[in-house]
Amino acid sequence: MTRSALHEVAIVGAYNTRQAKTLGDVREVDLVLESVRGALARSGGLGLDDVDGLNLRGTVSRLHAREAAHLLGGRPRWTGMALGIEAVLEAAAAIATGQCDTVVIADAQAGQYTDRAATSPWTRPGNEFVACWGLYTAAEFALIARRHMHLYGTRPEALAEVAASIRNHGASNPEAVHYGRHVTPQDVLASRLVAEPFHLLDCAINSEGGAGLVLTRADRARDLDCTPVYLLGGALERQGMAYVTAPVWDRYGLSGRWAAGRAFAQCGLAPSDVDVCELYDPFSFELIRQFEAFGFCAEGEGGDFVMGGRIAVGGALPTVTSGGLLSFSHAGTAQLLQKVIASAQQLRGELPEALTVPGANVVMTSNGGAGALFCDVMLLGRERP
Amino acid sequence: MSARRGIPLPRPTRLSEPHWSGCREGRLRVQRCRECRGYVFIPQPVCTFCTADALEWVDSSGRGTLYSFTTVHRPQRPEFEVPYTVAIVELEEGFHMLTNLVGCPPEQMRVGMPVEVEFRRMSEEISLPMFRPAATPS
């Protein structure tokens, strides 16, 4: 078996606070602290005193790890600064190299999106070669999707199938912002246009909330009263400045292929070994692209690959089982961490029964997509490699 | 595309100023590497193909093809009048630009169609290089 220092580390706690379109007067710092406590409470034995590594963040309050270390008593601690999958890899490296034993990562956003006449602030570019054209994130990803449709004849019905499948997972998840809101592919195609070919229901929602994750040494995880989730592999892939460089399909269309190859090589697995995909879903098309980039199907065949219920729970490759960014939540940068949390919850049996994939052993997750010129990936599993 | 008062206009930097002053004069200026002959856009301090510190400003023909496009119905900000079309144009010289496609009914927009630059004066300092269907195929 291929070895990686990542295999010395396990996820032992994963938690989301309440997620909502707006949370009212809730303070971000409270969301972050609730995320820390919630994640530790699910570890089966670890408490704040066991935590010797921190990476805590709030978008609007600009809370960062060193300030948070002060809030938590100012004891000496390792601190990390990265987001999402990168944060998990950063923390895992710290644990595997003996810098610390137990890290809590938490991220939250509340009170950021207030001007509803404009698109969300984090989607609006500032660059002199981008902002003046009326670009924003949906349009960037639409430019990628349109080129794929031109090259391979990918149909709008395939995009709608992806959006409906993921949204219906969220509709069955009581923690999802869009809980109870089932949609059909026809509903997606009938929703208003945002940036062609994307309709409203092809696009991520906006919401608020917090999220927390606990990592510890794999040998310690065995002693806890919980189901550990092991890190099988992971890698970052960054190709340039997001939302500055034109998202040209020929250069960025297969973003994530290199990182996926690195992650699979770390554990000797292949796409055929993956049971569940908790992939980045900012827009419906991005799933079609990732299945091609990661090697689940050939280039140009992603549109056919997603049809016929394959990516729904109950299908051959359940994808974004929590409801993802399209239905569960998109709370600023916390959504990056929530991809790892959803993966861990699926493997630990913590998602609602209707969304739990029986016998799932390996989950693949990702952050970022071609429109953003980056795509980080991670593989997680129930069995220590 | 007419009501555009208040949209975020470029604020040229020392690096980008030659491009924007070119637009003001009706020239589409782009950097080219004297070493590898690669065309570099958006403006960079060194060649992004070979890292040579050998970039010079040259005029592009302003002709190319529509590489991809999206007609936008939900504006970035209310100052953008919808619908408008954001495009990537592949210039004859091989580089790509983000832009707006103008002067073309949406039902006639096709990936691969020939387009040419059309400068639209937005302020004393800024003319934006938009693209329209080419009058004559290049």
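In the block above lies the structure referred to throughout.
Rules used throughout
For every chain, the first residue of its written sequence is number 1, and the numbers climb from 1 along that sequence. Lettering of chains starts at A and numbering of ligands starts at 1, both following the order in which they are written. With pLDDT at 70 or above as the cut-off, local features in this predicted model cover only qualifying residues; side-chain atom pairs require 80 or more to be listed or tallied, and sums for whole chains, interfaces and linings still use all residues. Side-chain measures were taken over the full set of non-hydrogen atoms in the model, leaving aside hydrogen atoms and water. Numbered from the N terminus, helices here are DSSP runs of H or I no shorter than four residues, and strands are runs of E no shorter than two. The reference for a compact globule is 2.2 Å times residues^0.38; the radius of gyration itself is calculated from the C-alpha atoms. The rule is simple: take the accessible area with a 1.4 Å probe, protein chains only, and divide by the maximum for that residue type; under 20% is buried, over 50% is exposed, in between is partly exposed. Any two residues having at least one pair of non-hydrogen atoms within 4.5 Å are treated as being in contact. Strands were regarded as paired on the criterion that DSSP finds at least two bridges between them. Side-chain atoms within 4.5 Å link the members of a nonpolar core, which is a set of buried Ala, Val, Leu, Ile, Met, Phe, Trp, Tyr and Cys residues.

(A) Expanded view of the overall build of chain B. Tallying secondary structure elements over chain B gives one helix and eight strands in all. Listed N to C, the secondary structure of chain B is α-β-β-β-β-β-β-β-β in terms of helices and strands. Against the compact-globule benchmark of 14 Å for 138 residues, chain B has a radius of gyration of 15 Å, which places it among compact chains. Over its C-alpha atoms, taken along the principal directions, chain B stretches across nearly 45 × 30 × 25 Å. In chain B, which comprises 138 residues, the share counted as buried stands at 50%. Of the contacts formed within chain B by residues at least 6 apart in sequence, a portion of 51% connects residues at least 24 apart.

(B) View of the sheet that holds strand β1 (residues 29-33) of chain B. Reading across the sheet, the three strands line up as β2-β1-β3 (chain B) and stay open at both edges, with antiparallel pairing between neighbours. Every interior strand has two partners, whereas the edge strands, β2 (39-40) and β3 (55-59) of chain B, have only one.

(C) Structural detail: unusual backbone geometry. Residues and elements named next belong to chain B. F41 connects to I42 through a cis peptide bond whose omega is 10 degrees. In this structure, I42 sits in the loop between β2 and β3. In this structure, P83 follows V82 across a cis peptide bond, with omega equal to -10 degrees. Summarising the element assignment, P83 is placed in the loop between β4 (63-72) and β5 (84-91).

(D) View of the pairing of strand β8 (residues 229-235) of chain A. Residues and elements named next belong to chain A. Burial runs high along β8: seven of the seven residues are buried. In this sheet, β8 lies alongside strand β1 (residues 9-16) in antiparallel orientation, the contact comprising two bridges. Within β8, the residue paired with I11 across the bridge is V229. When β8 meets strand β11 (residues 376-381), the two strands line up antiparallel, connected through five bridges. Within β11, the position partnered with G234 by the bridge is M378.

(E) Quick peek at the nonpolar core. Residues and elements named next belong to chain A. In this structure, L56, F198, V274, F291, F294, F296 and M364 are the most contacted members of the largest nonpolar core, which totals 123 residues. Residue contributions to this core peak at seven residues, all from helix α4 (residues 137-152). The contact partners of M364, leaving out residues within four places of it in the chain, are A260, F264, V274, V276, C277, E278, L279, F294, F296, V377, M378 and L379. Core analysis: the next-biggest nonpolar cluster, separate from the first, contains 33 residues, L89, I95, A344 and L347 among them.

Note that all results are geometric; they support no functional claim without further evidence.
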